[in-house]
Number of protein chains: 2
Amino acid sequence: MIHPIPAGTRDVLPDEMRELRALGERLRATFEQAGYGEVWTPMVEYEQVLRTGDERAADAAYRMFDDQGRVLALRPDMTIPIARVVATRLSDAEGPLRLCYSAHSYRVVGQRTGQQREFLQSGIELIGVPGEDGEVEVVTLALSALEAAGLARHRVGVGDGSLYRRLLTALEVPGDRHRELLECLTRRDMVGLELRVDALGLARDARDLLVGLPELRGGPEVLERAGDGPAGEALERLRTLYAALEARGVADRVILDLGLVRDLGYYTGAIFEIYDPAVGFALGGGGRYDDLIGRFGAERPACGIALDVQRVHVAQAAEEGQR
Amino acid sequence: MIHPIPAGTRDVLPDEMRELRALGERLRATFEQAGYGEVWTPMVEYEQVLRTGDERAADAAYRMFDDQGRVLALRPDMTIPIARVVATRLSDAEGPLRLCYSAHSYRVVGQRTGQQREFLQSGIELIGVPGEDGEVEVVTLALSALEAAGLARHRVGVGDGSLYRRLLTALEVPGDRHRELLECLTRRDMVGLELRVDALGLARDARDLLVGLPELRGGPEVLERAGDGPAGEALERLRTLYAALEARGVADRVILDLGLVRDLGYYTGAIFEIYDPAVGFALGGGGRYDDLIGRFGAERPACGIALDVQRVHVAQAAEEGQR
């Protein structure tokens, strides 16, 4: 008899579970020592709440009906539910809020992409600390948590979630073309991007910027080579952030990446992605989302990072194997 | 702006979450020290898998469609998914299997019943140990875990999941009336039970047995007063189990309850429910389910108990308040 389980989900048996549990505890302990308090939100949200956070978040979710015919969805991440909690039950809290979570989320992903539909995230949200101060705290803490988990060679890619969108607007690329170009970038499909940009028939300078800027990746020299131009504001923010990360002593872990985009649209500034050379996929990511909590009625600057615990576990094992 | 969350779910903020997390860890540590290894199964199962375990389990679940039109459901408990895992990935394991879990499950419950639809359970499943040996291990371990969590006055109700069903069959109550009578018992609606039994127009002895037997509740005298008759086999099993619990030194925590029924139908023998005098609801329950794993293709005797972590937390607080 075969009793299948849904694609993208797994059963975890005791030997692996013991390690995952220990890893999750280690990450959470690091976050709690830094003053982040754990929260839990329901696995199921009204679809309308997810849409308030991000149209595409609702699209990415498993949906069902409740007994009154309202549409419910499995949460596709913890950031939108936590934004809801901050804007409702924690709206009177003064000063910065430091929240963390260790919880599963669910996304509808394509068949045979090998991607998990059910994934365990351990993450942090820092609310009420604007600009590079917030970003440095979040990035540094995520790096420390990974170090506490035994990783040694992990890196953080740092980009800006608004950079390419602003470039598209400034260079007057028609709005209905933005999504496909951003999707190329999300897939890191630079050939596809170039083909589509060429098809726009732009002036040489604009074309080179749209194709060339997102290829820039590396150390601080990247920010010099990028110059200024239409993406100047985002680039200036990245310079400030890089200097702050340098001052904090973590610049050796940072890879500046002007082509970085995240698939959820609520990011308004810096975005992050975590890598380890031992594995070929991102261990997590996040960024600044200064508008998201406001959509739920209480404007507050915020940023956060989520780590995919199962992926960090794979990186942990791969790192150990290479020692 | 109001951003509702689904009925029967809750947001948990850091102060409470810290306590719930500590409680969950305490329970899990007790289970792991006793040799129980934690497992995780997907939050979402094919409805067909749940139905294989128990028709009513599938009815009790939130359902949705996957991208190929198959019906998925949120798991209504962890026992059925674990039975699936045991019969598939662990079917070669020799000797008893000791598995534990700490996971949320979901049930569609009525509006305004105050019941949680999303609940966190910490539980154990003991596979491959038949009869009272298995039941004593499971009951004793659950009682110890609650003691480790700081409860002092908790009790376990012990009954038999097949007792009333066999009584109904033996007394030739028409099959289409069984469900409503069992539902009265589940609700502890003894007046409703009596009315419905009277309406059956049975002989005096049969009527008295159906109304009187489930009222018996207390110490070992209950088993004497019950005599034998059509429920003899179940009563004999309860006598053996009680003697074994006495030998293990936990009889003072046991309340024999001949009217105990559990709402899921897969129990084949002893059933348990955990109480604390400080609170008015069961903290958890379980029982023996010797047929369930076989429905997935690998017959093995098994029993287990699940504790509702949020309810245990309420009892913990109430107990502390009374000291």
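Starting from 1, residues in each chain are numbered consecutively following that chain's sequence as written. To read the labels, note that chains go from A and ligands from 1, taken in the order they are written. Local features in this predicted model are restricted to residues of pLDDT 70 or higher, and side-chain atom pairs are both shown and tallied only at a pLDDT of 80 or more, whereas totals for entire chains, interfaces and linings draw on every residue. Only heavy atoms go into the side-chain values, all of them from the structure, while hydrogens and water stay out.

1. Considerations on the relation of the copies chain B and chain A
One copy of the chain maps onto the second through a rotation around an axis plus a translation along that axis. For clarity, the cut-off: Only residues with pLDDT of at least 70 in both copies count here: their C-alpha atoms drive the least-squares fit that superposes the copies. The contact criterion used is simple: two residues touch if any of their non-hydrogen atoms lie within 4.5 Å.
Mapping chain B onto chain A leaves a residual RMSD of 0.1 Å; the transformation is a rotation of 180° accompanied by 0.0 Å of translation along its axis. Such a combination of rotation and displacement between the chain copies is what one expects of a two-fold axis. No C-alpha of chain B lies nearer the rotation axis than that of Met64(B), which sits 2.5 Å from it. Comparing interface residues between copies, 100% of those in chain B also lie at the interface in chain A; the contact surface is shared.

2. Describing the side chain of Asp160(B)
All names here are of chain B. Rule in force here: In this description a helix means any DSSP run of H or I spanning at least four residues, a strand means any run of E spanning at least two, and both kinds are numbered starting from the N terminus. In protein, a polar contact requires one atom able to donate a hydrogen and another able to accept it; more generally it is a pair of N or O atoms within 3.5 Å, and residues adjacent in sequence count only if both atoms are side-chain atoms.
Structurally, Asp160 can be placed in strand β7 (residues 155–160). Of note is the side chain of Asp160, whose polar atom sits 2.7 Å from the side chain of Ser162. A distance of 2.8 Å separates a polar atom in the side chain of Asp160 from a polar atom in the side chain of Arg237. Those residues in contact with Asp160 that sit more than four places away from it in its chain are Ala234, Arg237, Leu238, Leu260, Gly269, Ala270 and Ile271.

3. Overview of the interface of chain B and chain A
We count it as follows: A quick way to say it: buried area is the sum, across both parts, of accessible area lost when two parts are put together, with a 1.4 Å probe. The salt bridge criterion pairs a side-chain nitrogen of Lys or Arg with a carboxyl oxygen of Asp or Glu, the two atoms within 4 Å. Note on residue categories: nonpolar means Ala, Val, Leu, Ile, Met, Phe, Trp, Tyr, Cys or Pro, charged means Asp, Glu, Lys or Arg, and polar means any other residue, Gly included.
Chain B puts 52 residues into the contact, and the matching count from chain A is 52 residues. Around 4600 Å² of area is buried between chain B and chain A when both sides are counted, 61% of it from carbon and sulfur atoms. Counting the surface chain B buries against chain A, the share from its top three residues, His3(B), Arg21(B) and Trp40(B), is 16%. Viewed at the interface, chain A and chain B are joined by four salt bridges. One salt bridge connects Asp11(B) with Arg84(A), and the closest N-O pair in it is separated by 2.8 Å. Run the count over chain B and chain A and you get 14 residue pairs in polar contact (both at pLDDT 80 or more). Its residues assigned to classes, the side of chain B that touches chain A comprises 26 nonpolar, twelve polar and 14 charged.

4. With respect to the nonpolar core
Worth spelling out the cut-off: By nonpolar core is meant a set of buried Ala, Val, Leu, Ile, Met, Phe, Trp, Tyr and Cys residues that side-chain atoms within 4.5 Å join together. Think of it in three bands: residues with accessible area under 20% of the maximum for their type are buried, residues over 50% are exposed, and the middle band is partly exposed, with areas taken using a 1.4 Å probe on protein chains only.
Counting 227 residues, the largest nonpolar core has Leu258(A) and Leu258(B) as its most contacted members. Aside from chain neighbours lying at most four places away, what touches Leu258(A) is Leu163(A), Leu213(A), Pro214(A), Leu216(A), Val222(A), Leu223(A), Ala226(A), Leu235(A) and Leu238(A).

5. Some points on the domain arrangement of chain A
Residues and elements named next belong to chain A. Short version of the rule: Here the limits of each domain have been adopted from an automatic or database domain assignment.
Along its sequence, chain A is organised into domain 1 (1–152 + 292–323) and domain 2 (162–261). Taking only C-alpha atoms into account, the centre of domain 1 sits 26 Å from that of domain 2. Residue-level contacts link nine residues of domain 1 with nine residues of domain 2. Of the roughly 880 Å² buried between domain 1 and domain 2, counting both surfaces, carbon and sulfur atoms make up 64%. Summed over the shared surface of domain 1 and domain 2, the result is zero salt bridges. At the junction of domain 1 with domain 2, the criterion picks out one residue pair in polar contact (both at pLDDT 80 or more). The element contributing the most residues to the side of domain 1 that touches domain 2 is helix α5 (residues 131–148), with seven residues.

6. Things to note about the packing of aromatic side chains
Residues and elements named next belong to chain B. Quick reminder of the rule: Centres within 6.5 Å make a pair out of two Phe, Tyr or Trp rings, where for Trp the six-membered ring is used; the pair is then stacked when the planes are under 30 degrees apart, edge-to-face when over 60, and tilted otherwise.
For the structure on display, the rule yields four aromatic pairs over all chains. For the pair Tyr266 and Tyr267, a centre-to-centre distance of 4.8 Å together with 55° between the ring planes defines the contact as tilted. Judged by centre distance (5.9 Å) and plane angle (70°), the rings of Tyr266 and Tyr289 are edge-to-face. Of this pair, Tyr266 sits in the loop between β9 (254–257) and β10 (270–275) while Tyr289 sits in the loop between β11 (284–288) and α12 (292–295), and the two are 23 residues apart along the sequence.

7. Comments concerning the pattern of salt bridges
One pass over the structure, following the stated rule, counts 62 salt bridges over all chains. The closest approach of N and O atoms between Arg28(B) and Glu38(B), which form a salt bridge, is 3.6 Å. Residue Arg28(B) is located in helix α1 (residues 14–33), and its partner Glu38(B) is located in strand β1 (residues 37–38); the two are separated by ten residues in the primary sequence. We classify Arg28(B) as buried; its relative accessible area is 7%. For Asp198(B), the salt bridge is made with Arg207(B), and the minimal N-O distance between the two is 2.7 Å. Sharing partners across several salt bridges, the network here consists of Arg21(A), Glu25(B), Arg28(B), Glu32(B) and Glu38(B).

8. Description of the environment of Leu283(B)
Residue and element names in this part refer to chain B. The topology assignment puts Leu283 in the loop between β10 and β11. With a relative accessible area of 0%, Leu283 lands in the buried category. When neighbours within four sequence positions are excluded, Leu283 is seen to be in contact with Leu151, Ile274, Tyr275, Asp276, Ala306, Leu307, Asp308, Arg311, Val312 and Ala315.

9. Comments concerning the sheet that holds strand β1 (residues 37–38) of chain A
Strand pairs in the sheet, formed through backbone hydrogen bonds, run parallel or antiparallel to each other. Residues and elements named next belong to chain A. The criterion, for reference: A pair of strands is considered paired only if DSSP assigns at least 2 bridges between the two. Here, axes are lines fitted to C-alpha atoms. For helices the fit covers the stretch in contact, and angles between N-to-C directions go from 0 to 180 degrees.
If you walk across this open sheet you meet the nine strands as β1-β5-β6-β12-β11-β10-β7-β9-β8, and the pairing is mixed. Unpaired on one side and paired on the other, β1 and β8 (217–218) mark the two borders of the sheet. Strand direction decides the pairing type here: strand β7 (residues 155–160) and strand β10 (residues 270–275), joined by six bridges, are antiparallel. Residue Val158 lies in a different strand from β10, and its bridge partner there is Phe272. Of the strands in this sheet, β5 (97–106) and β6 (118–127) are in contact with helix α4 (residues 79–87), which crosses β5 at around 140°.

10. Things to note about helix α7 (residues 175–186) of chain B
Residues and elements named next belong to chain B. Test applied: A helix's residues, less one, multiplied by 1.5 Å, set its expected span. Note that the arc is defined by the directions from the helix axis to the C-beta atoms.
Between its first and last C-alpha, α7 extends 18 Å over twelve residues, near the 16 Å set by a 1.5 Å rise per residue. Taken together, the buried positions of α7 are His178, Leu181, Leu182, Cys184 and Leu185. All buried residues of α7 lie within an arc of 150° about the axis, which places them on one face of the element. In this structure, the buried residues of α7 make contact with α6 (163–170) and α8 (190–198). Positive backbone phi, approximately 60°, marks Arg188, located one or two places after α7.

11. Examining the sheet that holds strand β8 (residues 217–218) of chain B
Residue and element names in this part refer to chain B. The sheet built from nine strands is open, its strands ordered β1-β5-β6-β12-β11-β10-β7-β9-β8 with mixed pairing. With partners counted over all chains shown, the strands left at the sheet margins are β1 and β8, one partner each. Of the pairings in the sheet, the one linking β11 to strand β12 (residues 302–308) comprises five bridges and is antiparallel in character. Bridge assignment links Arg288 to a residue of β12, and that residue is Cys303. With respect to the sheet, helix α11 (residues 232–247) is in contact with β7, β9 and β10, its orientation differing from that of β7 by roughly 150°.

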